[in-house]
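Breakdown of the fold
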Amino acid sequence: MRPDQIERQLSRILLQVSKPGRYVGGEYNSVVKDWEAVDFKIALAFPDIYDIGMSNLGIMLLYEQINNQPDMLAERVFCPWLDMEAVMRHHHIPLHSLETRHHLQDFDLIGVSLPYEQLYTNVLNLLDLAGMPVRSRDRDESYPLVVAGGHACFNPEPMADFIDAFVIGEGEEIILEIARALQGKRGCPHDEQLRALAGIQGVYVPRFYDVTYHPDGTVADVRPNVPEAPERVLKRIVPVLPKPFTRFLVPNIDTVHNRAPIEIMRGCTRGCRFCHAGMITRPVRERPVPEVMAAIEEIIASTGFEEISLLSLSSSDYVYVHELVEAVHARYRDSGLSLSLPSLRIETTSADLLDKLGDTRRGGFTFAPEAATEKMRALINKYVPDEQVLEAARAVYSRGWRTIKFYFMIGHPEETLDDVQAIINLCKAVLAEGRRILGGKANVNVGVSTFIPKPHTPFQWVPQDTREMVLEKQQLLKNQLRGHGLHLRWNTVESTELEGFLSRGDRRLGRVIERAWKKGARFDAWDSEHNHDLWLQAFEESGLTPWFYTHRERGLDEVFPWDHIDAAVHKKFLKEDYLMSLAGETRVDCRDRCFACGILPKFKEQRALTEPMAWECPPVKPAAERRRGGGERAPNVTVLP
Ligand code: SF4
């Protein structure tokens with residue numbers, strides 16, 4: 001179907017669906033190039049609805065990188081919501097781009113963003129709505145290649161049957177290398193195109209790797225079967241963060257985050273043992289303050305956004321955090337601009353920082369202590385003593401903020417009901433502080449997620465809590481964390497199981513995913529849409545069990561389905577850290593002392609390419625901490641000789 005025909009069809013049906021603004025495009029700052037005049041066309045697909053995808057910074061960074069090339073264009077594609085999908089299938093309207101209504105098959109390359117696993121069935125649905133076979137092997141060169149990137153791709157195996165190639169790591173530079181490599185290969189057999197990609201560092205082409213299994217179902221080996229494919233695929237990093245993206249597209253409808261994000265720092269050195277992002281985004285790279293300030297100026301001028309969020313995994317560890325907040329305060333104090341600084345760490349969020357954040361913030365503060373007992377804090381290597389939590393609470397409430405949001409996690413190894421009870425006691429103690437300072441206006445919002453062991457982390461060996469264990473712990477929380485001023489949120493046990501088996505799955509999960517999709521699984525990231533029974537049926541029909549992936553303890557020497565994907569942190573380092581956790585030993589932030597996780601040797605050449613060095617390992621400590629002489633030390637800390 002041609003774009004004009006799609007346009008005509010849409011004008012007839014859009015008023016039949018909810019939020020038609022999702023499907024009209026034409027946003028302020030969107031880039032519409034002359035299709036015939038541009039050589040290489042890339043569709044950037046986010047496998048969920050517009051309201052979610054438009055807030056994804058990754059897609060926007062690639063959108064700009066590609067559209068900055070005179071001979072390339074990038075256009076956006078999102079999944080239609082259920083009502084629109086039904087109408088599209090009824091009228092045989094293929095999935096198309098927002099910018100020019102081009103059918104997905106008209107593009108030279110389809111880039112799919114995969115930040116989390118619950119999006120997998122939507123990828124199959126997206127390809128099917130574009131009239132493309134969902135299996136990679138069933139698509140020949142008459143179809144565009146499908147390349148995926150995002151944090152979930154650090155274990156690409158469950159989606160290996162459907163995706164032609166994966167980008168492991170950061171996409172800003174590699175997307176152009178991939179496009180350039182394919183420009184010269186158009187019309188060639190997919191195998192030939194993919195061999196060209198397999199030679200690019202950071203690209204993983206699953207069909208060029210054979211997987212063998214032991215009789216017990218564990219992986220025996222993953223071996224390349226063509227010379228272009230490396231034994232292990234080393235992730236890509238950008239040594240220096242590119243200039244921040246500022247020309248945000250102003251959405252047609254409200255999106256999940258109606259604000260403009262600026263990444264102030266990438267990577268984290270805290271070493272929390274459950275944290276996937278903290279391990280796969282190393283090393284730390286920080287943006288200089290003038291660059292952030294210039295970006296804020298440009299964003300306001302080019303979008304009119306009134307809220308800016310300064311993003312990182314641990315913003316109060318950003319070395320220039322005080323300087324930046326002071327600069328924003330001085331420049332925008334009376335402008336009405338709101339600044340959000342998510343993921344503040346209690347240890348490094350000083351009263352001073354709170355004051356400076358003062359009137360540029362709305363709403364409350366969010367902290368993530370994750371655990372509430374010494375044992376669990378040492379085990380997860382996130383040491384935030386009770387007194388520090390209460391001190392931070394007093395600091396927040398005494399400045400007039402009424403709401404503190406806490407994130408905790410249940411389900412970590414060795415956890416008992418006493419450890420869960422400690423979470424309840426701590427939240428109640430915080431509320432008591434709030435009441436003492438603000439009376440009945442104080443609120444504590446508690447988000448309790450369930451721990452899911454992730455690849456490339458020290459906890460990749462551990463079994464996930466069983467359904468019964470999770471429900472018992474959640475019931476304890478629900479019974480006690482309620483009443484005036486206390487609000488509890490938790491994850492469903494079904495969504496935890498789903499993410500659990502998809503996170504540590506192997507290539508055989510492809511048939512489970514396809515069966516679940518054929519049975520109707522879609523929008524699995526939405527509790528309202530996730531139908532867990534479909535997945536359990538799909539497992540049964542595939543002769544596999546979820547237990548094998550979620551609740552099974554891994555042998556210390558087990559080969560993992562993702563071991564050929566190199567996140568640049570040594571498996572030996574992760575194993576050592578796991579064993580330390582079982583011994584109740586902790587590690588300090590590696591800004592204090594480098595533990596030789598593996599990053600340095602893997603990227604030393606690349607690091608040396610830029611003068612001064614693109615990034616420091618260990619990175620410099622934030623001024624406040626240098627002044628304070630480092631965060632509170634956990635007991636029985638292990639400092640390598
Ligand atoms: S190389 Fe050292 S300082 Fe750098 S991230 Fe790894 S442990 Fe931390």
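Attention in this report is confined to the structure presented alongside it. Along each chain, residue indices are assigned from 1 in the same order as the chain's sequence is written. At least 70 in pLDDT is required for a residue's local features to be given in this predicted model, at least 80 for side-chain atom pairs to be given and counted, and no such filter applies to totals for whole chains, interfaces and linings, which use all residues. Water and hydrogen atoms play no part in the side-chain values, which are based on all heavy atoms of the structure.

**Let's talk about the overall build of the chain**
Our working definition: Secondary structure elements are defined from DSSP: runs of H or I of at least 4 residues count as helices, runs of E of at least 2 residues count as strands, and each element is numbered from the N terminus. Only C-alpha atoms enter the radius of gyration; for comparison, a globular chain is expected to reach 2.2 Å times N to the power 0.38, where N is the number of residues. Throughout this description, buried means an accessible area under 20% of the type-specific maximum (1.4 Å probe, protein chains only), exposed means over 50%, and partly exposed covers the range between. In this analysis, two residues are considered to be in contact whenever any of their non-hydrogen atoms come within 4.5 Å of each other. In this description, accessible areas are obtained by the Shrake-Rupley approach with a 1.4 Å probe, and a residue is regarded as covered only by the protein chains that are shown.
Assigned secondary structure in the chain consists of 22 helices and 19 strands. By the compact-globule yardstick of 26 Å for 641 residues, the chain fits well, its C-alpha radius of gyration being 24 Å. Classification of the 641 residues of the chain by burial places 61% in the buried group. Restricting the contact set of the chain to residue pairs at least 6 apart, pairs at least 24 apart contribute 77%. Carbon and sulfur atoms provide 53% of the accessible area of the chain, an area that totals close to 24100 Å².

**Topic: the pairing of strand β13 (residues 307-311)**
So the rule is basically this: Strands pair, by our definition, only if DSSP identifies at least two bridges between them.
With 4 of 5 residues buried, β13 is to be regarded as a mostly interior element. Judged from the 4 bridges that link them, strand β10 (residues 260-263) and β13 form a sheet pairing that is parallel. When the sheet's bridge partners are listed, isoleucine 262 is paired in β13 with leucine 310. Relative to strand β14 (residues 338-340), β13 runs parallel, the two sharing 3 bridges. In the strand pairing of β14, isoleucine 308 is matched with leucine 339.

**Some remarks on empty space enclosed by the protein**
Note the following rule: In this analysis the probe radius is 1.4 Å and the grid spacing 1 Å, with only protein atoms considered; a cavity is a set of points the probe fits into but cannot get out of, a pocket is an open set with protein on both sides within 12 Å along at least five of seven lines, and lining residues have an atom within 4 Å of a point. Grid points are joined across faces, edges and corners, and a volume is the space filled by probe spheres set on the points. Three classes are used: nonpolar for Ala, Val, Leu, Ile, Met, Phe, Trp, Tyr, Cys and Pro, charged for Asp, Glu, Lys and Arg, and polar for all others, with Gly counted as polar.
Evaluation of the coordinates by the stated rule reveals 9 cavities of 30 Å³ or more. Roughly 150 Å³ of internal volume is contained in the second largest cavity. Lining the second largest cavity are 16 residues, and of these Arg282, Cys590, Cys594, Cys597 and Cys617 lie nearest its centre. Taken together, the residues of the lining of the second largest cavity sort by class into 13 nonpolar, 2 polar and 1 charged.

**Some remarks on the sheet that holds strand β3 (residues 109-113)**
As a reminder of what qualifies: Note on method: axes are straight lines fitted to C-alpha atoms, helices fitted across the in-contact stretch only, with angles between N-to-C directions ranging 0 to 180 degrees.
Ordered by their spatial adjacency, 6 strands build an open sheet running β2-β1-β3-β4-β5-β6, and the pairing between neighbours is mixed. Of all the strands in the sheet, just β2 (72-78) and β6 (203-204) have a single pairing partner and so form its edges. In this structure, strand β5 (residues 165-167) lies alongside β6, joined through 2 bridges in antiparallel fashion. When the sheet's bridge partners are listed, valine 167 is paired in β6 with valine 203. On the sheet, helix α3 (residues 57-67) packs against β1 (40-46), β2 and β3 and is oriented at approximately 155° with respect to β2.

**So, the packing of helix α14 (residues 417-438) against helix α15 (residues 467-480)**
To keep things clear, this is the line we draw: Should an angle lie under 35 degrees it is considered roughly parallel, over 145 roughly antiparallel, and from 65 to 115 roughly perpendicular; all remaining angles are considered oblique. Crossing handedness follows the turn of the near helix against the far one: under a right angle anticlockwise gives a left-handed crossing, and clockwise gives a right-handed one.
One can describe the packing of α14 onto α15 by two numbers: an axis separation of 10 Å at closest approach and a directional angle of 25°. As far as their axial angle goes, α15 and α14 are roughly parallel. Handedness of the crossing formed by α14 with α15: right-handed. In contact with Leu417, Val420, Gln421, Ile423, Ile424 and Lys428 of α14, α15 contributes Glu472, Lys473, Leu476, Leu477 and Gln480. Here the contact of α14 with α15 is composed, by residue class, of 6 nonpolar, 2 polar and 3 charged.

**Remarks on unusual backbone geometry**
Proline 283 follows arginine 282 through a cis peptide bond whose omega is 0°. The residue proline 283 is located in the loop between α8 (276-280) and β12 (285-286) in this model. For histidine 92, which is not glycine, the phi torsion reads 55° and is therefore positive. Tracing the backbone through its elements, the reader meets histidine 92 in the loop between α4 (82-90) and β3. A relative accessible area of 64% means that histidine 92 is categorised as exposed. Located in the positive-phi region is glutamate 370, a residue other than glycine, with phi close to 65°.

**Some details on the pattern of salt bridges**
Our working definition: Within this document, salt bridges are pairs made up of a side-chain nitrogen of Lys or Arg and a carboxyl oxygen of Asp or Glu, the two lying within 4 Å of each other.
Per the stated rule, a full pass over the model turns up 60 salt bridges. A salt bridge links arginine 266 to glutamate 170; the nearest nitrogen and oxygen atoms lie 3.2 Å apart. Pair noted here: arginine 266 is in strand β11 (residues 265-266) and glutamate 170 is in the loop between β5 and α6 (174-183), with a separation of 96 residues, a long-range link. Of the two residues, arginine 266 and glutamate 170, both sit in the buried class. Close ionic contact of arginine 236 with glutamate 173 constitutes a salt bridge, the shortest N to O distance being 3.7 Å.

**With respect to the sheet that holds strand β15 (residues 365-370)**
Consider a sheet: its strands pair through backbone hydrogen bonds, and that pairing is either parallel or antiparallel. Judged by pairing direction, the sheet is parallel, and its 4 strands sit side by side in the order β15-β16-β17-β18 without closing on themselves. Single-partner strands in this sheet number two, and they are β15 and β18 (486-490). Averaged over all pairs of adjacent strands, the angle between strand axes in this sheet comes to 20°, irrespective of strand direction. In this structure, strand β17 (residues 443-450) lies alongside β18, joined through 5 bridges in parallel fashion. What sits directly across from valine 448, in β18, is tryptophan 490.

**Description of the state of the cysteines**
The cut-off we apply is this: The disulfide criterion used throughout: a pair of cysteine sulfur atoms within 2.5 Å.
The full count for this structure, using the stated rule, is 0 disulfides. Free of any disulfide, cysteine 153 has its nearest neighbouring cysteine sulfur in cysteine 79, separated by 15 Å. No disulfide involves cysteine 427; its nearest neighbouring cysteine sulfur is the one of cysteine 272, lying 18 Å away. According to the relative accessible area criterion, cysteine 427 is buried, its value standing at 1%.

**Observations concerning the side chain of threonine 303**
Short version of the rule: Polar contacts here mean pairs of N or O atoms no more than 3.5 Å apart (in protein, one a potential hydrogen donor and the other a potential acceptor; neighbouring residues in sequence count only if both atoms are side-chain atoms).
Tracing the backbone through its elements, the reader meets threonine 303 in helix α9 (residues 289-303). Polar side-chain contacts of threonine 303 include one of 2.6 Å to the backbone oxygen of isoleucine 299. Beyond its immediate stretch of four places on either side in the chain, threonine 303 contacts Asn29, Thr246, Phe248 and Val250.

**Focus on the packing of helix α16 (residues 493-503) against helix α18 (residues 532-541)**
Running from N to C, α16 and α18 point in directions that differ by 40°, and their axes come no closer than 10 Å. Remark: the crossing between α16 and α18 carries left-handed chirality. Residues Glu494, Glu497, Leu498, Phe501 and Leu502 of α16 form the contact with α18, whose own contacting residues are His532, Trp535 and Phe539. Residues belonging to the contact of α16 with α18 are distributed by class as follows: 5 nonpolar, 1 polar and 2 charged.

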